[in-house]
Amino acid sequence: GSYMVVNASGRASGQKAHLYMPTLKENDTHCIDFLYSLSSRDGASPGTLNVYVKVNGGAQGNPVWNTSDTVTEGWVKAELAISTFWPNSYQVIFEAVSVQGHPGFIAVDDIRVLAHPCRKAPHFLRLQNVEVNVGQNATFQCTAGGKWSQNDKLWVQQWNGKDSALMVTRVVNHRRFSATVSVGDTSQRSTSRYRCVIRSDGGSGVSNYADLIVKAPPTPIAPPELLAVGATYLWIKPNANSIIGDGPIILKEVEYRTTSGNWAETHVVDAPTYKLWHLDPDVEYEIKVLLSRPGEGGTGPPGPPLVTRTKCAGMCYESVLEMMLCFGPRSMIDVN
């Protein structure tokens, strides 16, 4: 029984009228259809009819369907295939926007919620959440039931209303197709929400919202702890429990090098402590810990370094040289 008739005559451009449907919590595939009409005496369009789908009381966003180009001949049917199910709720909003100097009527009537799929508008399957690490590409896969036409328009709509066009569409079979798109700024940790939208000749299909979760690779806060020192080994504790960034940690590595050299080696750590073997005596080393979380690009930058020196092997060369300078070569014979 819901309807809206807007007389656009004498209105300023941009004036709006709204018809709000009750909040719905559907638990199965369904369809909303309605009749609309744009009429005028001179044949010019009196304005624009927009349709919004607001989810869980959130932002209204951008229209998922609209029309404004031509005056209709009588009533025209359109469909909305909305794939938002219980416990999530949604509300359909019809908006008429007038254009100054274009008298006429914008009307909506016979809005129905049908307990079956739409006949023309494709229904989206559930859109899954996507998790990536900072700086990696984020891709959503939009899959819909229905027939794909080259005239259909596909895009991804962000929670705040920003739209991104879908670039790749693939027909799975005669009743299903899918599309992929890379979205979002992944330069820092964040969570944003996206949904898929398709506009076809018969109306529009709208998926559920899914989260794009951007995680930061982990980095240790503290340097490794030195447990024991020998002439050819260093025994450390990685100190990987306190981190900056996100877990879970699936890999721990120790990177070490001499402070005077340009080489570095990396060893995997699978225990609470780790012993670096086969080191040179009386040499200063820099030791760092690297941590990785799941996914491509999940290895974070190394943590703060531990700088330490191995012990001498017996009597150090410097000590021997010092004794020779003080006492002469003969003193070394006496020492031995």
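Quantities reported herein were computed from a predicted structural model and do not represent experimental measurements. (Residues numbered from 1 in each chain as written. Predicted model: local features only at pLDDT ≥ 70, side-chain atom pairs only at ≥ 80, totals over all residues. Heavy atoms only, no water.)

### Structural notes on the state of the cysteines
Phase 1: Counting across every chain of the model gives two disulfides.
Phase 2: Linked covalently through their sulfurs, C31 and C118 form a disulfide whose S-S length is 2.0 Å. Residues C31 and C118 are joined through a disulfide that is right-handed, its torsion about the S-S bond being 100°. With C31 in strand 3 (residues 31–39) and C118 in the loop between strand 8 (105–114) and strand 9 (123–124), this pair connects stretches of sequence that are 87 residues apart. By the burial criterion, C31 is buried, and C118 matches it.
Phase 3: In this model, C142 is linked to C196 through a disulfide, with the two sulfur atoms separated by 1.9 Å. Handedness of the C142-C196 disulfide follows from its S-S torsion of about -75°: it is left-handed. Residue C142 is found in strand 11 (residues 139–145), and its partner C196 is found in strand 16 (residues 190–200); the two are separated by 54 residues along the sequence. The same class applies to C142 as to C196, namely buried. (Disulfide = S-S within 2.5 Å. Helix = DSSP H or I, 4+ residues; strand = E, 2+ residues; numbered from the N terminus. Buried < 20%, exposed > 50% of the residue type's maximum accessible area, 1.4 Å probe, protein only.)

### Points about the nonpolar core
Phase 1: The biggest cluster of nonpolar side chains holds 29 residues, and the ones touching the most others in it are I32, F34, W65, V92 and F94.
Phase 2: Among the secondary structure elements, those contributing two or more residues to this core are strand 1 (4–7), strand 3, strand 4 (47–55), strand 6 (76–82), strand 7 (90–98) and strand 8.
Phase 3: Of the residues that make up this core, three or more belong to each of domain 1 (4–114) and domain 2 (123–215).
Phase 4: Residues in contact with I32, not counting those within four places in the same chain, are M21, L24, A78, E79, L80, I82, Y90, V92, I111, R112, V113 and C118. (Core = buried A, V, L, I, M, F, W, Y, C linked by side-chain atoms within 4.5 Å. Domains from an automatic or database assignment. Contact = heavy atoms within 4.5 Å.)

### What to know about the sheet that holds strand 25 (residues 274–276)
Phase 1: Strand order in the open sheet made by the three strands is 20-21-25, with antiparallel pairing throughout. Both edges of this open sheet fall to strand 20 (225–229) and strand 25, since each of them pairs with a single strand only. Across this sheet, the average inter-strand angle for adjacent strands is 30°, counted without regard to direction. (Pairing = 2+ DSSP bridges. Axes fitted to C-alpha atoms, helices over the stretch in contact; angles between N-to-C directions.)

### Things to note about unusual backbone geometry
Phase 1: Omega for the bond connecting W86 with P87 falls within 30 degrees of zero, at 10°, which places this linkage in the cis form.
Phase 2: In this structure, the amide linkage connecting G247 to the following residue, P248, adopts the cis form with an omega of -5°.
Phase 3: Considering the arrangement of structural elements, one finds P248 in the loop between strand 22 (243–244) and strand 23 (251–258).
Phase 4: Unusually for a residue other than glycine, N56 sits at a positive phi of about 50°.
Phase 5: At D110, a position not held by glycine, the phi torsion is positive, near 55°.
Phase 6: When you line up the elements, D110 lands in strand 8.

### Considerations on the domain arrangement of the protein chain
Phase 1: The assigned domain composition of the protein chain is domain 1 (4–114), domain 2 (123–215) and domain 3 (219–310).
Phase 2: Here the C-alpha centroids of domain 2 and domain 3 sit 41 Å apart.
Phase 3: Taken together, the contact pairs five residues of domain 2 with eight residues of domain 3.
Phase 4: The interface formed by domain 2 and domain 3 contains two salt bridges. (Salt bridge = Lys/Arg side-chain N within 4 Å of Asp/Glu carboxyl O.)

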